[in-house]
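Structure assessment
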Amino acid sequence: MPCAWSTSHLQLLLILTVFVVAGCISAVEEGPFIVSNSTQRMGKNNYSLALPMEEKQNDSTPPTEVNFSLSVLVDTKAVLSCPPILLATVILVTWEIILRDKPVCIRQYGRNKNETVERNCTDERITWASTPHQNSALQIDPVAVTHDGYYSCQMAIPKGNFHRGYHLQVLVAPEVMLLRSENRTAVCVAGAGKPAAWISWSPEGHCVSKEEHRGNGTVTVQSTCHWADSNVSTVSCFVSHLAGNTSLSIELSEGAPKQEHKKFIYIILPISIILVIVGSIWLLKITVCRKRKFKNTEGTPVQEDEMQPYASYTEKSNPLYDTANRVKTSQVLQGEVDGMALHTLYVPGI
């Protein structure tokens with residue numbers, strides 16, 4: 001039987017088989033925890049979250065004072081604009097920034113002297129969006145949890161003063177987990193969110209919720225639910241948050257894997273077993289072929305010098321060899337005697 005496959009090929013086959021089997025086992029073991037996951041979140045692109053800026057300025061007089069509530073996702077870029085007033089008519093622009101547990105920061109730009117003034121402004125992430133004489137907007141990049149506060153822009157023109165304020169709220173999307181506990185109980189956790197997330201269940205069960213407030217302003221919410229009705233097999237946890245909504249589902253019974261896990265069990269696992277068997281057969285074939293080659297090497301003809309002891313023994317013990325030797329010896333002696341006779345007869349002078 002030809003030995004087509006090498007040992008390296010066989011080892012590669014066995015290694016691939018082991019990885020496939022390990023993947024099947026891990027998928028089956030981890031499967032019952034989270035069955036489905038649906039998430040809707042705010043994007044984290046760097047874009048302006050402010051209202052229209054000075055590019056949309058017009059000759060109409062804006063309201064004297066306007067305030068807005070603005071929610072910004074953490075680690076994004078926010079741009080806050082001043083009232084839509086023509087900069088050519090502005091005498092003084094003043095940004096007042098009031099943050100929690102910090103002194104009030106003042107940033108001013110005077111057009112007459114074309115200069116800027118700053119007081120108590122230590123956060124380098126809060127800057128002018130551009131040069132103040134071209135754009136008086138304020139930029140926060142990136143937004144952090146500590147940037148919660150009130151930001152106001154005051155513009156002084158010959159006709160009077162105009163004000164625009166922002167109550168800025170920084171959002172932190174919670175980390176959502178859904179776990180199965182004992183006795184038909186599930187636990188849904190929305191960790192480190194800002195503000196606190198809202199958790200609901202479907203179908204409704206007997207639920208208990210608790211909150212844990214952290215020093216950085218984030219809140220972890222945990223909801224534990226129990227379903228006494230044995231007809232309830234799958235439950236869903238819905239997490240509502242300003243940064244986006246999330247839903248997770250789970251099987252209450254450990255013995256009811258989902259269809260994807262059944263696919264692993266009934267299709268991939270048998271294929272893996274077949275690959276192991278085929279690999280073992282090829283390994284056996286290679287071993288047999290190597291043994292045959294080794295035997296053929298041992299069966300090569302013996303050299304002539306190795307036959308000499310046997311030939312000597314045969315010559316000594318076989319009577320035929322003794323008779324032949326005697327005949328040869330007699331012939332040699334007779335030849336020598338005849339030679340001597342010829343030499344004796346040929347004597348010069350006789």
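Side note on the sheet that holds strand S11 (residues 175-180)
Spatially, S11-S12-S15-S14 is the arrangement adopted by the 4 strands of the open sheet, whose pairing is antiparallel. The open sheet has two edge strands with one neighbour each: S11 and strand S14 (206-213). Geometrically, the sheet is characterised by an average inter-axis angle of 15° between neighbouring strands, direction not taken into account. Two elements, S11 and strand S12 (residues 185-193), share 6 bridges in a ladder whose sense is antiparallel. Across the sheet, the residue bridging to Leu179 is Val187, located in S12.

Let's talk about the sheet that holds strand S9 (residues 149-157)
In space, the 6 strands of this open sheet follow the order S2-S10-S9-S4-S5-S6, with mixed pairing throughout. Lying at the two open borders of the sheet, with one neighbouring strand each, are strand S2 (65-73) and strand S6 (115-119). Between one strand and the next, the sheet's axes are offset by a mean angle of 15°, whatever the strand orientation. As paired strands, strand S4 (residues 92-99) and S9 are joined by 8 bridges and run antiparallel to one another. Looking at S9, one finds that Glu96 is bridged to Ser152.

Here's the deal with the pattern of salt bridges
Applying the stated rule across the entire model yields 3 salt bridges. Between Arg125 and Asp123 there is a salt bridge, and its shortest N-O distance comes to 3.1 Å. In this structure Arg125 comes out as partly exposed when scored by relative accessible area, which is 31%.

Brief notes about a nonpolar patch on the surface
A cluster of nonpolar side chains, contributed by Ile267, Ile271 and Leu275, occupies part of the molecular surface with about 240 Å² of accessible area. Tracing the chain through its elements places Ile271 in helix H2 (residues 259-298).

Observations regarding the packing of aromatic side chains
Applying the stated rule across the entire model yields 2 aromatic pairs. Here Trp201 and Trp227 contribute two aromatic rings whose centre-to-centre distance is 5.3 Å and whose plane-to-plane angle is 70°, an arrangement assigned as edge-to-face. Of this pair, Trp201 sits in strand S13 (residues 198-202) while Trp227 sits in the loop between strand S15 (219-226) and strand S16 (234-240); the two residues are 26 residues apart in sequence, bridging distant segments of the chain. Residue Trp201 is classed as buried on the basis of its relative accessible area of 10%.

Brief notes about the state of the cysteines
Note on terminology: a disulfide is the covalent bond linking the sulfur atoms of two cysteines. Enumeration over the complete set of coordinates arrives at 4 disulfides. Covalently, Cys82 is tied to Cys153 through a disulfide, its sulfur atoms 1.9 Å apart. Here the S-S torsion is close to 95°, and the disulfide linking Cys82 with Cys153 is therefore right-handed. In this pair, Cys82 sits in the loop between strand S3 (78-80) and S4 while Cys153 sits in strand S9, placing the two residues 71 residues apart along the sequence. Residue Cys153 is classed as buried on the basis of its relative accessible area, which comes to 0%.

Conventions and cut-offs
- Residues numbered from 1 in each chain as written.
- Predicted model: local features only at pLDDT ≥ 70, side-chain atom pairs only at ≥ 80, totals over all residues.
- Heavy atoms only, no water.
- Pairing = 2+ DSSP bridges.
- Helix = DSSP H or I, 4+ residues; strand = E, 2+ residues; numbered from the N terminus.
- Axes fitted to C-alpha atoms, helices over the stretch in contact; angles between N-to-C directions.
- Salt bridge = Lys/Arg side-chain N within 4 Å of Asp/Glu carboxyl O.
- Buried < 20%, exposed > 50% of the residue type's maximum accessible area, 1.4 Å probe, protein only.
- Patch = residues over 30% accessible without salt bridge, like charges linked within 9 Å, V, L, I, M, F, W, Y side chains within 5 Å.
- Areas by Shrake-Rupley, 256 points an atom, 1.4 Å probe, with all protein chains shown as cover.
- Phe/Tyr/Trp six-rings, centres within 6.5 Å; stacked < 30°, edge-to-face > 60°.
- Disulfide = S-S within 2.5 Å.

Any link to function would need more than the numbers given here.
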